[in-house]
Amino acid sequence: MRHLAWQSVLALVLCLAGAAMLPLADAVSALPFTVGQTAAVELLLLASVFVSVSGINPLGGAIFLFLAVHIAAFTLVGGIAGNEGGARLSFFLLLAAAWLLAWRLNVLISGLKAGSRGARNFQRLIVPTLFGVWILILWEGITRGAGVPFVLLPPPTSIAVRFANSLPILGADLVQTVFKAVVAGYVIGCGAGFIVAILADRVPFLRKGMLPIGNVVSALPIIGIAPIMVMWFGFDWPSKAAVVVVMTFFPMLVNTVAGLAASGHMERDLMRTYASNYWQTLFKLRLPAAAPFIFNALKINSTLALIGAIVAEFFGTPIVGMGFRISTEVGRMNIDMVWAEIAVAAIAGSIFYGVVALVERAVTFWHPSVRGG
Amino acid sequence: MDSFRDKIVPVSVIVAAILVVWYVAAIFMNAPYQRELNARAHVTPDLGAFIGQTWAQRKPTLPAPHQIAENFFKNTFLVKITSRRSLVYNSWVTLSSTMAGFASGTLLGILIAVGIVHVPVLDRSLMPWIIASQTIPILAIAPMVVVVFAAIGITGLIPKALISTYLSFFPVAVGMVKGLRSPDILHLDLMHTYNASKVQAFWKLRVPASMPFLFTSMKVAVAASLVGAIVAELPTGAVAGIGAKLLAGSYYSQTIDMWSALVAGSVVAVLLVATVGVVGRFVELRMGARP
Amino acid sequence: MNVSAAAASANDVGRGAATMSSGQTVVSARGLSLVFDTNDGPVNALADIDLDVGKGEFVSFIGPSGCGKTTFLRVIADLEKPTAGTISVNGMTPQQAREKRAYGYVFQAAGLFPWRTIERNVTLPLEIMGYSRAERAERLHRTLELVNLTGFEKKFPWQLSGGMQQRASIARALAFDADLLLMDEPFGALDEIVRDHLNSQLLELWARTTKTICFVTHSIPEAVYLSTKIVVMSPRPGRVTDVIQSTLPKERPLDIRETPEFLEIAHRVRDGLRAGHSYED
Ligand SMILES: Nc1ncnc2c1ncn2[C@@H]1O[C@H](COP(=O)(O)OP(=O)(O)OP(=O)(O)O)[C@@H](O)[C@H]1O
Ligand SMILES: [Mg+2]
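Residues numbered from 1 in each chain as written. Chains lettered and ligands numbered in written order. Predicted model: local features only at pLDDT ≥ 70, side-chain atom pairs only at ≥ 80, totals over all residues. Heavy atoms only, no water.

### With respect to the overall build of chain C
Stage number 1. From N to C terminus, chain C includes 10 helices and nine strands.
Stage number 2. Contacts spanning at least 24 positions in sequence make up 72% of the contacts within chain C whose residues lie at least 6 apart.
Stage number 3. Carbon and sulfur atoms provide 51% of the accessible area of chain C, an area that totals close to 12000 Å². (Helix = DSSP H or I, 4+ residues; strand = E, 2+ residues; numbered from the N terminus. Contact = heavy atoms within 4.5 Å. Areas by Shrake-Rupley, 256 points an atom, 1.4 Å probe, with all protein chains shown as cover.)

### Notes on the pairing of strand β2 (residues 41-54) of chain C
All names here are of chain C.
Stage number 1. As paired strands, strand β1 (residues 25-38) and β2 are joined by 10 bridges and run antiparallel to one another. Bridge pairing links leucine 34 to leucine 46 in β2.
Stage number 2. Counted along the chain from β1 to the antiparallel partner β2, the turn is two residues long. (Pairing = 2+ DSSP bridges.)

### Description of the packing of aromatic side chains
Residue and element names in this part refer to chain C.
Stage number 1. Inspection of every chain in the model, using the stated rule, returns 27 aromatic pairs over all chains.
Stage number 2. With 5.7 Å between their ring centres and 50° between their planes, phenylalanine 58 and phenylalanine 215 make a pair best called tilted. Here phenylalanine 215 lies in strand β7 (residues 212-217) and phenylalanine 58 lies in strand β3 (residues 58-62), a separation of 157 residues in the sequence.
Stage number 3. Here the aromatic residues Phe58, Phe187, Trp206 and Phe215 are joined through ring pairs into a cluster of three or more. (Phe/Tyr/Trp six-rings, centres within 6.5 Å; stacked < 30°, edge-to-face > 60°.)

### Digging into the site of ligand 1
All names here are of chain C.
Stage number 1. In the vicinity of ligand 1, 13 residues are found, and the nearest of them are Ser65, Lys69, Thr70, Thr71 and His218.
Stage number 2. At 2.4 Å, a side-chain N or O of serine 65 approaches an oxygen atom of ligand 1.
Stage number 3. A distance of 3.2 Å is found between an oxygen atom of ligand 1 and a backbone nitrogen or oxygen belonging to cysteine 67.
Stage number 4. Coverage of ligand 1 by the protein chains reaches 63% of its 640 Å² of free accessible surface.
Stage number 5. Mapped onto the shell around ligand 1, the elements with two or more residues apiece are β1, β2 and α2 (69-76).
Stage number 6. If you tally residues by element for the shell around ligand 1, the top one is α2, at three residues. (Near = heavy atom within 4 Å. Polar contact = N/O pair within 3.5 Å; in protein donor to acceptor, adjacent residues only side chain to side chain.)

### Concerning the packing of helix α7 (residues 162-174) of chain C against helix α8 (residues 192-208) of chain C
Residues and elements named next belong to chain C.
Stage number 1. Axis separation between α7 and α8 bottoms out at 11 Å; the angle between their running directions is 20°. Accordingly, the angle class assigned to the pair α7 and α8 is roughly parallel. When you trace α7 past α8, the crossing you get is right-handed. Where α7 approaches α8, its residues Gly163, Arg167 and Leu174 are matched on the opposing element by Val194, Leu198, Gln201 and Leu205.
Stage number 2. A breakdown of the residues in the contact of α7 with α8 according to their chemical character gives four nonpolar, two polar and one charged. (Axes fitted to C-alpha atoms, helices over the stretch in contact; angles between N-to-C directions. Parallel < 35°, antiparallel > 145°, perpendicular 65-115°, else oblique. Left-handed = near helix turned anticlockwise from the far one by under 90°. Nonpolar A, V, L, I, M, F, W, Y, C, P; charged D, E, K, R; others polar.)

### Remarks on the pattern of salt bridges
Stage number 1. Going through the model one piece at a time under the given rule, you end up with 28 salt bridges over all chains.
Stage number 2. The shortest N-O distance in the salt bridge between glutamate 127 of chain C and lysine 284 of chain A comes to 2.8 Å. On the criterion of chain membership, the pair formed by glutamate 127 of chain C in helix α5 (residues 124-128) and lysine 284 of chain A in helix α12 (residues 278-313) is interchain, its members lying in two chains. Both residues of the pair, glutamate 127 of chain C and lysine 284 of chain A, count as buried.
Stage number 3. Across the salt bridge formed by aspartate 242 of chain C and arginine 268 of chain C, the nearest N and O atoms sit 3.8 Å from each other. One end of the pair, aspartate 242 of chain C, is in strand β9 (residues 239-245); the other, arginine 268 of chain C, is in helix α10 (residues 260-280), and 26 residues separate them in sequence. (Salt bridge = Lys/Arg side-chain N within 4 Å of Asp/Glu carboxyl O. Buried < 20%, exposed > 50% of the residue type's maximum accessible area, 1.4 Å probe, protein only.)

### Examining the interface of chain A and chain B
Stage number 1. Contacts between the two partners involve 48 residues from chain A, matched on the other side by 50 residues from chain B.
Stage number 2. Summing both partners gives a buried area of about 4200 Å² for chain A against chain B, and 86% of it is carried by carbon and sulfur.
Stage number 3. Linking chain A to chain B there are zero salt bridges.
Stage number 4. Counting every contact that joins chain A to chain B gives three residue pairs in polar contact (both at pLDDT 80 or more). (Buried area = accessible area lost by both parts, 1.4 Å probe.)

### Here's the deal with the interface of chain C and chain A
Stage number 1. Listed per partner, the contact involves 26 residues of chain C and 18 residues of chain A.
Stage number 2. The three residues of chain C that bury the most area against chain A are Trp115, Ile128 and Trp158 of chain C, which together make up 32% of that side's buried surface.
Stage number 3. Where chain C meets chain A, there are seven residue pairs in polar contact (both at pLDDT 80 or more).
Stage number 4. Among the secondary structure elements, those contributing two or more residues to the side of chain C that touches chain A are α3 (94-99), β5 (103-106) and α5 of chain C.
Stage number 5. No other element matches the four residues that α5 of chain C contributes to the side of chain C that touches chain A.
Stage number 6. Residues belonging to the side of chain C that touches chain A are distributed by class as follows: 16 nonpolar, one polar and nine charged.

### Let's talk about the domain arrangement of chain B
All names here are of chain B.
Stage number 1. Split by domain assignment, chain B resolves into domain 1 (2-62) and domain 2 (87-286).
Stage number 2. On a C-alpha basis, the centroid separation for the pair domain 1 and domain 2 is 38 Å.
Stage number 3. On the domain 2 side, the residues contacting the seven residues of domain 1 number six residues.
Stage number 4. Together, the buried faces of domain 1 and domain 2 total about 450 Å²; carbon and sulfur atoms form 56% of this surface.
Stage number 5. Put simply, domain 1 and domain 2 have two residue pairs in polar contact (both at pLDDT 80 or more) between them.
Stage number 6. When its residues are assigned to classes, the side of domain 1 that touches domain 2 shows three nonpolar, two polar and two charged. (Domains from an automatic or database assignment.)

### Topic: the sheet that holds β2 of chain C
All names here are of chain C.
Stage number 1. Within the open sheet, the three strands sit side by side as β2-β1-β4. Their pairing is antiparallel. In this open sheet, the two edge strands, each paired with only one partner strand, are β2 and β4 (84-89). Strand-to-strand twist in this sheet, taken as the mean axis angle between neighbours without regard to direction, amounts to 20°.
Stage number 2. Sheet topology note: the β1/β4 ladder contains five bridges and is antiparallel. Across the sheet, residue alanine 29 finds its bridge partner in β4, namely isoleucine 87.
Stage number 3. Taken strand by strand, α2 contacts β1, β2 and β4, and its axis lies near 120° from that of β1.

### Describing α12 of chain A
All names here are of chain A.
Stage number 1. Taking 1.5 Å of rise per residue, the 36 residues of α12 would be expected to cover 52 Å, yet its terminal C-alpha atoms sit only 43 Å apart, more than 12% below that figure.
Stage number 2. The sharpest bend along α12 comes to roughly 50°, located at alanine 291, with the proline proline 292 sitting one to four residues further on.
Stage number 3. Among the 36 residues that make up α12, 30 are buried, leaving the element largely enclosed by the rest of the structure.
Stage number 4. For α12, the side-chain oxygen to backbone nitrogen distance between the N-cap and tryptophan 279 is 3.1 Å, and the N-cap itself is asparagine 277. (Expected span 1.5 Å × (residues − 1). Bend = angle between axes of the 7 residues up to and from the residue.)

### Topic: the nonpolar core
The nonpolar side chains of soluble globular proteins are, as a tendency, buried together.
Stage number 1. Within the largest apolar cluster, 119 residues are counted, with the highest numbers of intra-cluster contacts made by Leu298, Val311 and Ile326 of chain A together with Ile130, Met144 and Val231 of chain B.
Stage number 2. At 16 residues, α12 of chain A tops the list of elements feeding residues into this core.
Stage number 3. Setting aside anything within four residues of it in sequence, one finds valine 231 of chain B in contact with Ile223, Val311 and Phe314 of chain A together with Leu139 and Ala142 of chain B.
Stage number 4. In this structure, Val122, Leu144, Leu182 and Val224 of chain C belong to the second largest nonpolar core, which totals 93 residues. (Core = buried A, V, L, I, M, F, W, Y, C linked by side-chain atoms within 4.5 Å.)

### Notes on the sheet that holds β3 of chain C
Residue and element names in this part refer to chain C.
Stage number 1. Strand order in this open sheet of six strands is β5-β6-β7-β3-β8-β9, and the pairing throughout is mixed. Each edge of the open sheet is held by one strand with a lone partner, namely β5 and β9. The mean angle between the axes of side-by-side strands here comes to 15°, regardless of whether they run parallel or antiparallel.
Stage number 2. Note: strand β8 (residues 229-234) against β9, six bridges, orientation antiparallel. In the strand pairing of β9, serine 234 is matched with arginine 239.
Stage number 3. Against the sheet, α7 makes contact with β5 and β6 (180-184), and its axis sits at roughly 165° relative to β5, the strand it touches most.
Stage number 4. Seen against the sheet, α8 touches β3, β6 and β7 and runs at an angle of roughly 160° to β7.

Okay, here's the thing in structure tokens:
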């Protein structure tokens, strides 16, 4: 029935090679792996290899594989903590074997036929989650196992510890950068872009002139105006908001103008047969039809706004803000703090985007791309 | 002639209007400092002379367009190309890392896209992350990358190019996946009736169909690469490059220098995007698109 | 069809097919021509059209593709301007008529707004024309009943079949009291069975109201079945080659299409179409 998967075969080879080269690690300071732990890891991995090729009950097999591989991985990664740099080749071989088996697990899960809708959604979620988790496991195992200098790449766990211990600072930076600069700049920039687009729509000459300019400016490194804005508006958040305004203005302008042209001829003729005036046609037909374009700009701008505010802070701030923190902590070689700040930026960015996307789904529910037609 | 009436005239009028507004704004923004200077020097120029003064300051709050143009011209054409002050030199420093990063980012993006389209597990596990990572401000890692690389003795082009690679990789991967998946079911079925192999279907159908998507995303990617290279130059302590010029300008309040560095950056951006556009057009023509 | 029961009682207007052109003209075209300036040179879409449409008539326009049927309707609707000749709608210029909201237009595709429910699609013209909330509700109820869509108020267009969407778009055109209904191949995209159904519904609707209908179609049976007057057109340049008064009675069950009288008219229409074709060859 099922042919041997290469991940499983390679994992078996690595397991055996790893077993031949024990122990897993030399003691650096703490006690490394006990015999029991080592044996458990080997056994769990070998059992996983067996289960992954045996083709027994797919769901049960996947669950066993999931538990076994992750217990083995966490034993490996947990045991190396305190012995940074002490790992020997066999540690990496076993870690690689566990990773291959996790890969195999992902293949198996992707292949499962999910019955219900809920199961399908779970399947769609678990595969990328496992992938992400394994990036962290490998990152942790390699940085600790090989003793990568802390200033180059700190392991995820110490970033997490740093994150948890610096919540007040991170929170203050978030408020300064996101809730002041980004929100203000985003609202003003998108609002201005929208209003100018409506104006340009009203005056064809303006539209013909603005559209090529907007398209060109959208491709320019606008972020470069940051130092000028800092000079004009001072060190505090208004200068960052000004950069965000300029960066978000043009995508909004270009997209809204395109969106306003997007309603069909027939629909416009229809409005004409009702002798509907400009504003009625705008509000009842053209703006709803433009909504997908406008939301596209809002989504692009959510990322641009964060980038603009953070990078603008590299040019000078009061002593708070995400960009300020990143640039000063980099200077002090507190790389774990930098990573914690980047994690905050990533979370803020995806939540910002997610909120816009949710509003979009609610507003443009009728659009084929949203209703899945 | 239509493009003349529909594009060139409105664009020139609006650019002219912007210039006028700019000059007027320069008067008002530079006036307070100029008044201070004049008070100190005990001179009271008439209005015309005063306006002339606001357009000729050495470190104006807002330089007048002709000051920027003069500075740009001087630093581009009159200064020796090898000089630190030359905009050509600085642009080249930025451009080289942009292009190195863009080339490797595009290559990486295409390879990953091919993988994603053909390997279901990759699609399921990697694609969500690639899409999600477009929502986060990746550029924030630029200073860290530069400093960490400097710590292990790697400076210059490589860390900058790495950031550009990273930034250009995402749009290309996403666009290329879309493009490789763009052929109709009808055309895929047609290939199926020919009993074409996966490789044949790839080269004869998927690749040609993906070209418009590829070049559209490459335009986005090349602009992102340039931004990445410029921002990567900020923390290196102002050695060379457009970003370094900007930073040096902001240290010493050399506003005119900053503006002309911005102009240089914009020229580079336009050239890069236009080049990608022309290459894209050429490829499409070669593939039989209607002229 | 709950309409059929109502139709008999509502049918007290008393317009027999024979007593058709009862004086008042709604649309009147004299020497009407329209030339499109295209990149490949001028296109004579309409050439020297003379036509009268009387009040309460059901007029079908039939002819090969490109003969200017749509264009003529669009001229009546003030969506195109004629390049020569005159046209009046209710004794006014088309523009004045449009501003007085004198007609409802039904396009070939339903053209419902996907972001509005059926209810809000049908009340769209009423909102634009400033009807009160109560009036809108009342008219909505009435027109949806007329096209047999009661109960679908809260649905979105994409949740309805093509035939239902087309009926909703007819309801939208009926919602305000325009005396003139312009319909451009409203059933063109539908299958034969749905089409028959909508045809008889349309006839009943016409009988119950006092509307004048201009109806574009490609189908000879449809034109003969529905109309009191059939306008046959031919292309390049678009001209009227024949105007046929129907002798069919006002009451038209679907099987009237097998009667000799019906076939006779259909024959005349077909001859008219052929003549138009041979003209250009
Ligand atoms: N906007 C336009 N610009 C240029 N030419 C046009 C335009 N609209 C229509 N025409 C031309 O005018 C002629 C008549 O077109 P029209 O749409 O009225 O035909 P029709 O009788 O409705 O055809 P069909 O049955 O295919 O709908 C055609 O030759 C068409 O190419
Ligand atoms: Mg037509």
